[in-house]
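Analysis of the macromolecular model
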Amino acid sequence: MRELVIDSIRISQMNYQRVVVLKELATNLFLLIWIGPTEAEAIAVKMQGMTVPRPLTHDLLVDLVKSVGGTVQHILVSDLQNETFYARIVIKIGEELHEIDSRPSDAMAVAVRAEVPIYVSDQVMDKAAISMDEETGQPVSTSGDREPAPAEVTEEELQGLSAFTDLINELDMEDFERK
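Heads up: these notes are all about the structure in this document.

Cut-off values and rules
- Residues numbered from 1 in each chain as written.
- Predicted model: local features only at pLDDT ≥ 70, side-chain atom pairs only at ≥ 80, totals over all residues.
- Heavy atoms only, no water.
- Helix = DSSP H or I, 4+ residues; strand = E, 2+ residues; numbered from the N terminus.
- Pairing = 2+ DSSP bridges.
- Buried < 20%, exposed > 50% of the residue type's maximum accessible area, 1.4 Å probe, protein only.
- Contact = heavy atoms within 4.5 Å.
- Arc of directions from axis to C-beta.
- Phe/Tyr/Trp six-rings, centres within 6.5 Å; stacked < 30°, edge-to-face > 60°.
- Lys NZ or Arg CZ within 6 Å of the ring centre and 35° of its normal.
- Salt bridge = Lys/Arg side-chain N within 4 Å of Asp/Glu carboxyl O.
- Core = buried A, V, L, I, M, F, W, Y, C linked by side-chain atoms within 4.5 Å.

On to unusual backbone geometry. Positioned with a positive phi, E83 is a non-glycine residue whose angle comes to about 70°. Turning to its location among the elements, E83 is positioned in the loop between β4 (70-81) and β5 (84-93).

In the sheet, β5 pairs with strand β6 (residues 96-102) via 7 bridges, with the strands oriented antiparallel. Residue pairing for β6: I91 is matched across the bridge by H98.

On to helix α1 (residues 37-47). Residues of α1 that are buried include every one of E39, A40, A42, I43 and V45, and no others. In the core, the buried residues of α1 are packed alongside β1 (2-11), β2 (18-24), β3 (29-35), α2 (57-67) and α3 (104-114). Of the residues trailing α1, G49 is marked for its positive phi of about 75°.

In this section: α2. Taken together, the buried positions of α2 are occupied by H58, D59, V62 and V65. Considered in projection along α2, the buried side chains sweep an arc of 125° and stay on one side of the axis. Opposite the buried face of α2, by more than 90 degrees, sit the exposed residues T57, L60 and S67. Along its buried surface, α2 packs onto α1, β4, β5 and α3. Of the residues trailing α2, G69 is marked for its positive phi of about 85°.

We now examine the packing of aromatic side chains. Under the defined criterion, the tally for this structure stands at 0 aromatic pairs. We note K23 situated over the ring of F30; from NZ or CZ to the ring centre the distance is 5.8 Å.

In terms of burial, β3 is a largely internal element, 6 of the 7 residues being buried. Here β2 pairs with β3 via 6 bridges, running antiparallel. Paired with V20 across the bridge in β3 is I33. A loop of 4 residues connects β2 with β3, the two strands running antiparallel in sequence.

A few words now on the pattern of salt bridges. Counting across every chain of the model gives 7 salt bridges. The partner of D106 in a salt bridge is R103, with the nearest N and O atoms 2.9 Å apart. The network of salt bridges with common partners includes R2, E24, D122 and D126.

Formed by 34 residues in total, the largest nonpolar core has its most connected members in I6, L22, L31, I33, I43, F85 and M108. Element by element, the count of residues in this core is highest for α3, at 6 residues. With 6 residues, the next largest nonpolar core counts V19, F30, L32 and M132 among its residues.

Following this line, the structure appears as structure tokens:
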């Protein structure tokens with residue numbers, strides 16, 4: 001399990017869909033997860049410190065957990081199957097931990113509100129993480145950067161990830177540098 005942070009939310013120039021760019025804290029690895037416009041807005045509103053007159057759905061969820069004596073501990077992007085990411089929101093009530101199935105976009109919106117870590121399983125990172133060359137801004141192979149070697153990816157999975165490849169190739173990594 002690895003900790004990542006939300007680096008940015010981007011809009012694809014090809015299809016105008018939103019993508020969350022997660023960056024691993026300890027490395028130069030990135031994970032791209034497509035999300036809907038509503039969830040992108042919910043994440044961006046909180047990250048930019050904006051306030052809304054009424055609670056958004058994700059504010060309501062965090063408030064509900066607190067009202068029953070619980071706390072959101074973290075979220076986990078736990079799996080990637082057939083182009084679909086899966087996530088869990090981990091909540092502690094008393095001494096018990098509860099894992100709630102969630103779409104990653106909703107889990108990330110909850111995480112930014114509860115100010116808790118975002119973790120990604122090693123399996124997901126092995127399948128979908130990318131590294132960018134700092135000089136060229138182009139994706140580079142990560143197989144030599146870490147152990148164990150990445151999981152074998154099937155031809156069907158490669159075809160399914162083609163949209164990610166297109167987006168990666170159009171990214172300008174200079175935009176990712178923080179001032």
